[in-house]
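As a plain string of letters, each chain reads:
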Amino acid sequence: KANVYYSSGDLVRALQLWVAVVREGIPPAVRLDILQKAISASYCVASLKDYVWCCVQLILNSPAAEEGLRAVLQCQPPAPPFPQDDLTPAQMAQYQQSWTKVFTERQFFSIQASHLEGFVTVQVGFLENEPVQMDARVPVRVCLKSSAMHPISFSAVVVGCDLERRRRTAGTATVSDSVLQASRQFVTLEPQTKTTVIVMLDLSTAQIQKGQCLWITRVCLELGDRHSKMFGQLEYNFDNTPCLQPQRLRSDFGCSMLRIAASDGELVANPSTTHVNCLVAEIAAATLELKNTCNHSVESVRLDFKRNEQQSTEAIAVLFVDEDDELRSELTIVGAGSVESGETIHIPVRFSAQLVGSIDLELE
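Small disclaimer: the values here were computed from a predicted structure and weren't measured.

Draft legend 1. Inspection of the nonpolar core at higher detail. Judged by nonpolar contacts, the single largest core of 75 residues is most densely connected at Leu 203 and Val 219. Once residues within four sequence positions are removed from consideration, Leu 203 is found in contact with Val 132, Gln 133, Met 134, Ala 136, Val 138, Leu 180, Ile 208, Leu 214 and Ile 260. Residues Leu 290, Leu 331, Ile 333 and Ile 347 belong to the second largest nonpolar core, which totals 18 residues.

Draft legend 2. Here's a closer look at the side chain of Ser 155. Within the secondary structure, Ser 155 sits in strand E4 (residues 152-162). Overall, the relative accessible area of 16% leaves Ser 155 in the buried class. Looking at Ser 155, its side chain comes within polar contact range of the main-chain oxygen of Gly 224, at 2.7 Å. When residues no more than four places from it in sequence are discounted, the contact partners of Ser 155 are Arg 184, Gln 185, Phe 186, Glu 222, Leu 223, Gly 224 and Phe 231.

Draft legend 3. Focus on the pairing of strand E18 (residues 344-353). Where strand E11 (residues 283-292) lies against E18, 9 bridges are found, and the strand directions are antiparallel. Its bridge partner being in E18, Leu 288 is matched across the sheet by Ile 347. Pairing between strand E14 (residues 318-321) and E18: 3 bridges, direction antiparallel. Counterpart to Leu 319 in the pairing with E18 is Ser 352.

Draft legend 4. Looking closely at the sheet that holds E11. Read across the open sheet, the 5 strands follow the order E10-E11-E18-E14-E15; overall the sheet is antiparallel. Among the strands making up the open sheet, the edge pair consists of strand E10 (267-269) and strand E15 (327-328). Relative to E15, E14 is paired through 2 bridges, and the arrangement is antiparallel. Pairing of Val 321 across the sheet is with Leu 327, part of E15.

Draft legend 5. Representation of the sheet that holds strand E2 (residues 120-126). Taken together, the 3 strands give an open sheet; going across it, the order is E2-E3-E6, and neighbouring strands pair in antiparallel fashion. With one partner strand each, in any of the chains shown, E2 and strand E6 (194-202) form the two edges of the open sheet. Across the sheet, the axes of successive neighbouring strands diverge by a mean angle of 20°, strand direction being ignored. Where E2 and strand E3 (residues 137-146) come together, 7 bridges link them in antiparallel fashion. Bridge pairing links Phe 126 to Val 140 in E3.

Draft legend 6. Local environment of the side chain of Asp 304. Its place among the elements puts Asp 304 in strand E13 (residues 302-307). Judged by relative accessible area, Asp 304 falls into the buried class, the value being 17%. A distance of 2.7 Å separates polar atoms of two side chains, one belonging to Asp 304 and the other to Arg 302. A polar atom in the side chain of Asp 304 sits 2.9 Å from the side chain of Thr 332.

Draft legend 7. A look at the environment of Val 349. Within the secondary structure, Val 349 sits in strand E18. Val 349 gets classed as buried once you look at its relative accessible area, which sits at 5%. Taking the C-alpha atoms as reference, Val 349 lies 8.0 Å from Phe 320; in sequence the two are 29 residues apart.

Draft legend 8. Geometry of the packing of helix H3 (residues 28-44) against helix H6 (residues 89-102). Here H3 crosses H6 at 80°, and the two axes come no closer than 9 Å. It follows from the interaxial angle that H3 and H6 lie roughly perpendicular. Residues Ser 42, Tyr 43 and Cys 44 of H3 form the contact with H6, whose own contacting residues are Met 92, Tyr 95, Gln 96 and Trp 99. Its residues assigned to classes, the contact of H3 with H6 shows 5 nonpolar, 2 polar and no charged.

Draft legend 9. The arrangement of the packing of aromatic side chains in detail. As enumerated under the stated definition, the model contains 6 aromatic pairs in all. Here the aromatic rings of Phe 108 and Phe 231 are separated by 5.9 Å at their centres, their planes lie at 25°, and the arrangement is stacked. Placement of Phe 108 in strand E1 (residues 107-112) and of Phe 231 in strand E8 (residues 230-237) is noted, with a sequence separation of 123 residues between them. A residue is classified by how much of its surface remains accessible, and Phe 108, at 48% relative accessible area, is partly exposed. Grouping aromatic residues by their ring pairs yields a cluster made of Tyr 43, Tyr 51, Phe 82, Tyr 95, Trp 99 and Phe 103.

Draft legend 10. Focus on the pairing of E8. Of all the 8 residues making up E8, 8 are buried; the element is thus mostly covered by neighbouring parts of the structure. Both faces of E8 are covered, namely the face carrying Met 230, Gly 232, Leu 234 and Tyr 236 and the face carrying Phe 231, Gln 233, Glu 235 and Asn 237. One ladder, built from 6 bridges, connects E1 with E8; its direction is parallel. The residue bridging Ser 110 from the neighbouring strand is Gln 233, located in E8. Sheet topology places strand E7 (residues 213-224) next to E8; 7 bridges connect them, and they run antiparallel. The residue bridging Cys 220 from the neighbouring strand is Glu 235, located in E8. Here E7 hands over to E8 after 5 residues, the two strands then running antiparallel side by side.

Thresholds applied
Residues numbered from 1 in each chain as written. Predicted model: local features only at pLDDT ≥ 70, side-chain atom pairs only at ≥ 80, totals over all residues. Heavy atoms only, no water. Core = buried A, V, L, I, M, F, W, Y, C linked by side-chain atoms within 4.5 Å. Buried < 20%, exposed > 50% of the residue type's maximum accessible area, 1.4 Å probe, protein only. Contact = heavy atoms within 4.5 Å. Helix = DSSP H or I, 4+ residues; strand = E, 2+ residues; numbered from the N terminus. Polar contact = N/O pair within 3.5 Å; in protein donor to acceptor, adjacent residues only side chain to side chain. Pairing = 2+ DSSP bridges. Axes fitted to C-alpha atoms, helices over the stretch in contact; angles between N-to-C directions. Parallel < 35°, antiparallel > 145°, perpendicular 65-115°, else oblique. Nonpolar A, V, L, I, M, F, W, Y, C, P; charged D, E, K, R; others polar. Phe/Tyr/Trp six-rings, centres within 6.5 Å; stacked < 30°, edge-to-face > 60°.

Here's what the structure looks like:
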């Protein structure tokens with residue numbers, strides 16, 4: 001139907017349909033063909049955002065798309081994305097005039113790039129693994145890789161964090177909605193080369209409470225100057241990215257979640273008491289050694305254990321053994337009524353591995 005609109009000269013309606021179809025996920029060959037049609041239509045009607053949206057995805061396959069993107073970022077009319085032999089001089093002049101008119105006014109575009117097959121890949125993670133204080137400065141690592149043929153410069157790389165991962169609509173969610181953000185100015189990506197950027201989050205500037213968790217939810221790549229006639233953003237939304245699971249991610253790159261310390265110190269487990277080998281279907285016992293590192297006493301100690309789904313094996317399970325020798329999927333142990341500062345306590349735990357695998361018993 002979009003082809004019919006295009007043939008009849010209704011380019012705006014054809015463009016709307018092509019953009020909608022591409023967003024639904026289709027085979028790569030069909031997707032590429034539709035994007036070529038969409039960029040032609042967006043060029044003819046001088047639709048800046050749609051044109052950039054197409055360029056971001058076509059750069060992987062078309063040098064002309066990269067040249068077109070660079071042209072509009074410099075407020076210059078791009079070359080036609082189709083053979084100029086198909087145009088009359090009058091048509092060419094009309095298209096150039098339409099683009100020139102667009103650039104007489106300030107332009108802003110925001111592209112939701114999370115689910116696009118774009119030319120920039122983004123990885124992000126906290127470098128801190130342990131709980132931090134509310135006034136800490138926390139480093140975040142961002143790794144970027146460009147598939148463009150030439151270097152491309154971003155005026156800023158902005159990381160946004162929230163206290164929870166909220167599912168906000170793609171059309172309204174921006175990095176400015178985040179509880180806390182930090183940025184690195186003037187980052188240039190070389191072709192086919194990974195570029196690592198470190199930004200520092202100042203937790204003291206956000207309204208954060210003890211015991212809360214901070215999630216990385218946004219990365220924004222800014223193009224151009226906010227105060228110039230052309231400014232744009234490539235938004236990467238990690239709220240809705242399927243690879244982010246409800247539990248805390250652990251990887252060599254970094255964590256997506258950071259826990260704020262519940263107090264000025266905490267009960268810290270001796271690592272030598274937290275690693276236990278257990279044969280399948282047999283009961284294993286461990287004695288956790290916990291030390292109070294706070295500068296005050298801790299009252300009413302209670303340990304809550306839950307099974308933590310692992311990514312390293314296909315199916316694993318662990319059951320806890322309670323005081324009545326019953327198997328439980330989760331376990332709560334009531335510990336000491338009071339633990340003084342610097343004092344160490346010992347708490348016995350029994351459990352049984354049901355399947356083979358590397359199992360983490362996460363102490364909440």
